[in-house]
Amino acid sequence: MLKSLTDWIDDRTGYRSLLAWARDFPAPGGVGWRHALGPAFAIVFVLEAITGLLLMVAYSPSSSTAWGSVFHIEHALWMGWFIRGVHYFAGQAMVILIGLVLLQMVVTGAYRQPREFRWWLGLGLLFLTIALSRTGHLLPWDQEGYWSTKIETNIVAGIPVVGPYLQRLIVGGDDYGNATITRFHAAHVVVLPTLLGVCLAATIVLVRRRRTVTDEIARTEAFWPEQALKNLVVAVVVVVGSIIASLALGGAGLDAPADPSSGEFPARPDWYFIWLFHLLRTLPSDLRLVATLVVPGAIVSLLFLLPLLDRLLPKKLAHGLACAVVLAILGGVGYLTYGSLRADAADAHFREALAEADQTSDRATALAADLETGVPPEGSTYLLRQDPLWRGRGVLERKCLGCHVAEGKGKGEQTASDLAQFGSREWIGGLLENPSSKRYFGATAGAGGMAEWKRASKLKPEELSLVADFVATFAVVPDDVTPDDWLSTKEIADHPGLPLFQKECGTCHVVDGLSEGGTRDAPELFGWGSPRWISRMVRKPGAADRYGFLEPKHQMPAFPAEQLTRGDLDMVIRYLRGDYFKTAPAAKAH
Amino acid sequence: MSRRELLVRLVWGCRAVLGLVMLVPGMAFLLSPLKKSGRGTSFDALARMSELKVGEPRAFAVLKDLRDGWVKYPREPIGSVWLIRQPDGVDPPVVALTAECPHLGCAVNLAADGKSFLCPCHNSIFSLAGKPENTVSPRPMDPLDVQITSGPDPEIRVKFERFRPQADRRIPLA
Ligand code: FES
């Protein structure tokens with residue numbers, strides 16, 4: 001039944017003779033593992049095409065959506081992390097495979113005439129594979145891909161005269177963004193694979209062409225099935241290796257979304273370019289050209305000219321020289337790469353930055369995975385920019401911790417209070433107990449009012465605690481509530497701390513409709529610790545209802561909107577108030 | 001078995017490994033949309049009683065946090081609901097009909113005279129109670145569960161759901 005069906009198909013298409021042509025040809029140079037590397041490269045390329053096509057079904061190429069779609073692939077789609085992991089690691093393996101093929105050609109002299117074209121095609125395959133890996137690295141639009149692309153294209157920009165133009169052409173303009181992604185995407189999914197396929201096809205044609213295998217033809221063995229098996233075994237090893245790598249490392253990994261404004265991301269180029277990067281950073285800047293142009297240019301030209309050495313030198317000598325050249329290149333690349341890794345390992349600052357980057361990416365993952373947060377419509381960059389924990393803390397560190405501290409830690413000499421928990425019951429309770437602690441007004445010049453009150457006050461600890469309870473209610477006063485509205489709510493009107501507040505605090509602090517103040521200058525307290533109160537404190541610390549009574553030199557500097565945007569101020573306030581998405585200590589997805 | 005036969009079998013074995021490694025995860029990946037979305041349904045306030053007049057249907061947008069793939073859109077209109085206030089004493093006092101046509105899912109409009117519903121796509125006509133008045137739609141317009149709060153001007157809360165198009169019964173989409 002099946003036989004008659006295949007007979008029929010063969011009768012109409014002749015597919016069997018095609019298969020026979022593919023199988024039953026004499027393997028040039030005999031059967032061997034070293035001949036399996038090239039075919040395995042081709043098989044892995046086919047698998048890359050399949051996994052790539054699958055990923056394309058779910059990938060969205062733009063700077064606002066790329067990261068989110070890759071995140072979706074990794075965490076929401078069935079086996080997405082597996083497919084992406086295999087695609088990534090097998091892609092790295094392709095770079096190694098084609099490198100080994102070329103090395104093998106040099107060592108066995110297979111690059112020489114009459115097979116120059118096979119060597120040149122092999123070099124073409126190497127560059128195309130690197131270009132595929134490189135373009136693919138940017139597509140997730142995460143920190144890692146973004147910054148390594150930036151480094152590498154900046155190396156390109158160092159080429160004299162044409163460098164800057166080349167860079168603009170690669171990047172698609174001045175800035176890295178949508179235009180960069182669209183062109184990298186097109187290159188990665190269509191242009192480069194097509195070219196690679198053409199080079200592969202040309203190589204296969206050349207391999208089968210007798211003319212190019214004359215010196216090997218003496219020893220021929222059938223390709224099928226022995227060599228076919230060896231090829232497949234290498235391919236299976238690569239794929240299984242990629243699967244193991246994915247399982248061990250949790251997939252290809254996805255860093256935090258790319259953010260051009262993020263301070264220090266410890267970026268390094270892809271592993272096969274680290275040597276160049278290291279060369280560039282160790283050379284004095286007036287020798288930059290050596291790294292950007294001379295060395296890469298010399299290596300590429302040497303490799304291309306290698307088969308032509310035969311014409312200048314005796315055969316043996318030329319081969320020996322070619323081996324020496326390639327070994328020297330490999331040695332140099334290896335030495336520089338090792339140097340770079342060592343330098344990084346010894347660099348405490350780099351390791352710290354790495355650890356911080358890891359934390360950032362964990363936070364991004366948690367935010368994106370949660371149904372409450374998710375990737376905002378503005379794009380993945382805003383995932384962290386709209387996160388009070390991340391953004392608020394960052395702004396606090398840059399803008400506030402020059403004078404303030406948070407949990408005792410600041411960035412300069414402390415001349416103001418500790419902002420950790422500001423607005424909380426805990427903070428105000430501590431203040432009432434010990435106002436001259438450095439956490440409160442101890443470090444603040446000119447703000448001795450509370451300490452003075454403390455010396456005179458006769459409140460008992462329980463009473464103090466009631467006052468603190470009462471003041472802490474200010475922090476939850478909604479923005480549109482007036483003191484009148486608020487004082488007439490039942491819980492506030494009946495609050496046992498209210499009369500104490502009126503008597504003890506109200507003599508200095510004004511609260512409309514509750515206390516007159518007047519004994520001593522003090523800020524108004526209605527809404528203390530609420531977004532509205534903090535916001536005014538930051539914008540106009542010298543206002544009459546804040547700390548306008550202090551000598552100007554003791555006042556907090558104002559932060560108008562030009563210095564601190566509305567959005568950033570909100571982030572700081574929400575961070576201080578602990579108003580942000582909190583992760584349950586849950587196990588990682590997969 | 002000869003050595004050659006063994007080798008051929010091993011070749012097919014390797015091919016099978018590579019094939020399965022691609023095929024199984026690949027199929028799973030492509031079938032991901034069949035995964036349950038886990039989107040919960042809840043009652044959402046759409047309007048107040050004072051906004052409705054007896055016998056005059058009005059459409060209200062259902063605003064919900066929408067998760068579109070990986071993006072979260074806060075409070076997006078995800079659908080539209082016709083609310084029809086019933087004469088006093090009738091229970092329930094408000095009927096909610098989803099504006100999604102049971103035929104092929106277009107948005108059902110009120111006819112110009114306000115006396116019936118009309119779907120612009122294939123001219124389904126429904127009475128103000130949602131009963132089909134021609135044979136285009138396989139079933140009446142889909143009613144939604146309604147909750148009405150107490151108080152002087154009660155809030156009308158509706159549980160928004162989607163149903164399978166073309167079916168002659170109401171089958172909620174998971
Ligand atoms: S979709 Fe409404 S009539 Fe066809």
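Computed from a predicted model, the values in this text were never measured in an experiment.

Cut-offs and rules
- Residues numbered from 1 in each chain as written.
- Chains lettered and ligands numbered in written order.
- Predicted model: local features only at pLDDT ≥ 70, side-chain atom pairs only at ≥ 80, totals over all residues.
- Heavy atoms only, no water.
- Helix = DSSP H or I, 4+ residues; strand = E, 2+ residues; numbered from the N terminus.
- Rg over C-alpha atoms; globule rule 2.2 N^0.38 Å.
- Buried < 20%, exposed > 50% of the residue type's maximum accessible area, 1.4 Å probe, protein only.
- Contact = heavy atoms within 4.5 Å.
- Areas by Shrake-Rupley, 256 points an atom, 1.4 Å probe, with all protein chains shown as cover.
- Lys, Arg positive; Asp, Glu negative; His and termini not counted.
- Charge placed at Lys NZ, Arg CZ, Asp CG, Glu CD.
- Salt bridge = Lys/Arg side-chain N within 4 Å of Asp/Glu carboxyl O.
- Expected span 1.5 Å × (residues − 1).
- Domains from an automatic or database assignment.
- Pairing = 2+ DSSP bridges.
- Phe/Tyr/Trp six-rings, centres within 6.5 Å; stacked < 30°, edge-to-face > 60°.
- Axes fitted to C-alpha atoms, helices over the stretch in contact; angles between N-to-C directions.
- Parallel < 35°, antiparallel > 145°, perpendicular 65-115°, else oblique.
- Left-handed = near helix turned anticlockwise from the far one by under 90°.
- Nonpolar A, V, L, I, M, F, W, Y, C, P; charged D, E, K, R; others polar.
- Disulfide = S-S within 2.5 Å.
- Buried area = accessible area lost by both parts, 1.4 Å probe.
- Arc of directions from axis to C-beta.
- Core = buried A, V, L, I, M, F, W, Y, C linked by side-chain atoms within 4.5 Å.

## Quick look at the overall build of chain A
At step 1: A count of helices and strands for chain A gives 25 helices and two strands.
At step 2: For chain A, whose C-alpha radius of gyration is 34 Å, the value lies well above the compact-globule estimate of 25 Å for 590 residues.
At step 3: C-alpha extents for chain A along the principal axes are approximately 110 × 70 × 35 Å.
At step 4: Here chain A holds 590 residues, and 49% of them are scored as buried.
At step 5: When contacts within chain A are restricted to residue pairs at least 6 apart in sequence, those whose partners lie at least 24 apart make up 66%.
At step 6: For chain A, the exposed surface amounts to about 29,200 Å²; the carbon and sulfur share of it is 63%.
At step 7: Between the mean site of the 56 positive side-chain charges and the mean site of the 59 negative ones, chain A shows a separation of 10 Å.

## Re the pattern of salt bridges
At step 1: Applying the stated criterion across every chain, the model contains 32 salt bridges over all chains.
At step 2: For A:Arg385, the salt bridge identified is with A:Asp259, shortest N-O distance 2.7 Å. On the criterion of sequence distance, the pair formed by A:Arg385 in helix 16 (residues 381-385) and A:Asp259 in the loop between helix 10 (223-249) and helix 11 (274-282) is long-range, its members being 126 residues apart.
At step 3: We note a salt bridge from B:Arg48 to B:Glu155, for which the minimum N-O separation is 3.4 Å. Of this pair, B:Arg48 sits in strand 1 (residues 43-48) while B:Glu155 is found in strand 10 (residues 155-159), placing the two residues 107 residues apart along the sequence.

## Section: helix 20 (residues 461-472) of chain A
At step 1: Taking 1.5 Å as the rise per residue, helix 20 of chain A with 12 residues should run 16 Å; its terminal C-alpha atoms sit 16 Å apart, in good agreement.
At step 2: Lining the buried residues of helix 20 of chain A we find helix 18 (425-433), helix 19 (449-456), helix 21 (483-487), helix 22 (490-493) and helix 23 (497-504) of chain A.

## Quick word on the domain arrangement of chain A
At step 1: Per the domain assignment, the segments making up chain A are domain 1 (23-261), domain 2 (268-346) and domain 3 (387-589).
At step 2: Averaged C-alpha coordinates put domain 1 of chain A and domain 3 of chain A at centres separated by 58 Å.

## Some words on the sheet that holds strand 2 (residues 58-68) of chain B
All names here are of chain B.
At step 1: As summarised here, the arrangement of the four strands in space is 2-3-4-8, forming an open sheet in which the pairing is antiparallel. Edge positions in the sheet fall to strand 2 and strand 8 (143-144), since each of these pairs with one other strand and no more.
At step 2: The pairing of strand 3 (residues 71-85) with strand 4 (residues 94-98) spans five bridges and is classified as antiparallel. Paired with Val81 across the two strands is Thr98, which belongs to strand 4.

## Describing the packing of aromatic side chains
All names here are of chain A.
At step 1: Following the criterion strictly, the structure yields 26 aromatic pairs over all chains and no others.
At step 2: Taken together, a centroid distance of 5.2 Å and an interplanar angle of 85° make the contact between Phe117 and Trp120 edge-to-face. Taken together, the residues span about one helical turn, with Phe117 and Trp120 both in helix 6 (residues 116-138) at a distance of three residues.
At step 3: Exposure remark for Phe117: the relative accessible area of 57% places this residue in the exposed category.
At step 4: Judged by centre distance (5.2 Å) and plane angle (90°), the ring pair of Trp141 and Tyr146 falls under edge-to-face. In terms of burial, Trp141 and Tyr146 fall into one category: buried.
At step 5: Connected via pairs of aromatic rings, a cluster forms that spans Phe422, Trp427, Tyr440, Trp528 and Trp533.

## A closer look at the packing of helix 5 (residues 80-107) of chain A against helix 10 of chain A
Residues and elements named next belong to chain A.
At step 1: The geometry of helix 5 relative to helix 10 is characterised by a closest axis approach of 8 Å and an angle of 130° between their N-to-C directions. Put simply, helix 5 runs oblique to helix 10. Helix 10 is crossed by helix 5, and the crossing has right-handed handedness. Contacts from Trp81, Phe82, Gly85, Val86, Phe89, Ala90, Ala93 and Leu97 of helix 5 reach helix 10 at Val234, Val238, Ser242, Ile243, Ala245, Ser246, Leu247 and Leu249.
At step 2: Considered class by class, the residues forming the contact of helix 5 with helix 10 number 13 nonpolar, three polar and no charged.

## Description of the state of the cysteines
All names here are of chain A.
At step 1: If you walk through the whole model with that rule in mind, you get one disulfide over all chains.
At step 2: Cys400 forms no disulfide, and the closest cysteine sulfur to it belongs to Cys403, at a distance of 9.1 Å.
At step 3: For Cys400, a relative accessible area of 17% corresponds to the buried category.

## With respect to the sheet that holds strand 7 (residues 125-127) of chain B
Residue and element names in this part refer to chain B.
At step 1: Across the sheet, which stays open at both edges, the three strands sit in the order 5-6-7 with antiparallel pairing between neighbours. In the strand order of this sheet, the two ends are held by strand 5 (109-110) and strand 7, each with one partner.
At step 2: Pairing analysis gives two bridges linking strand 5 to strand 6 (residues 116-118), with the strands arranged antiparallel. Within strand 6, the residue paired with Asn109 across the bridge is Leu118.

## Considering the interface of chain A and chain B
At step 1: Taken together, the contact pairs 43 residues of chain A with 28 residues of chain B.
At step 2: For the pair chain A and chain B, the summed buried surface comes to about 3,000 Å²; carbon and sulfur atoms form 77% of the total.
At step 3: Three residues, A:Trp78, A:Trp224 and A:Leu229, lead the burial of chain A against chain B; their summed loss comes to 22% of the area buried on that side.
At step 4: At the junction of chain A and chain B, the tally comes to one salt bridge.
At step 5: Residue A:Glu226 is joined to B:Arg3 by a salt bridge in which the shortest nitrogen-to-oxygen separation is 2.6 Å.
At step 6: Sorting the residues of the side of chain A that touches chain B by element identifies helix 3 (37-58), helix 4 (66-75), helix 5, helix 10 and helix 15 (348-369) of chain A as the ones contributing at least two each.
At step 7: When residues of the side of chain A that touches chain B are assigned to their parent elements, the largest contribution, 11 residues, is made by helix 10 of chain A.
At step 8: For the side of chain A that touches chain B, the per-class residue count stands at 31 nonpolar, nine polar and three charged.

## Some details on the packing of helix 24 (residues 531-539) of chain A against helix 25 (residues 566-576) of chain A
All names here are of chain A.
At step 1: For the pair helix 24 and helix 25, the least separation of the axes is 10 Å and the interaxial angle reads 125°. In terms of axis orientation, helix 24 runs oblique to helix 25. Every pair of crossing elements has a handedness; the one defined by helix 24 and helix 25 is right-handed. On helix 25, the residues that touch Pro531, Ile534, Ser535, Val538 and Arg539 of helix 24 are Arg566, Leu569 and Ile573.
At step 2: Residue classes in the contact of helix 24 with helix 25 are distributed as five nonpolar, one polar and two charged.

## Here's the deal with helix 19 of chain A
Residues and elements named next belong to chain A.
At step 1: For helix 19, the full list of buried residues reads Met450, Ala451 and Trp453. Viewed end-on, helix 19 has its buried residues packed into an arc of 160°, placing them on one side of the element. Opposite the buried face of helix 19, by more than 90 degrees, sit the exposed residues Arg455 and Ala456.
At step 2: If you follow the buried residues of helix 19, they end up packed against helix 18, helix 20 and helix 23.

## Structural notes on the domain arrangement of chain B
At step 1: Split into domains, chain B comes out as domain 1 (1-35) and domain 2 (44-159).
At step 2: Relative to domain 2 of chain B, the C-alpha centre of domain 1 of chain B lies at a distance of 52 Å.

## With respect to the nonpolar core
At step 1: Of all hydrophobic cores here, the largest spans 164 residues; its most connected members are A:Trp119, A:Leu306, A:Leu396, A:Phe474, A:Trp486, A:Phe501 and A:Trp528.
At step 2: It is helix 5 of chain A that provides the largest number of residues to this core, a total of 14 residues.
At step 3: Discounting chain neighbours no more than four positions away, the residues touching A:Phe474 are A:Trp486, A:Phe501, A:Val511, A:Leu525, A:Phe526, A:Gly527, A:Trp528 and A:Ser530.
At step 4: Grouped together as the second largest cluster of nonpolar side chains are 16 residues, B:Met49, B:Val62, B:Leu83 and B:Leu144 included.

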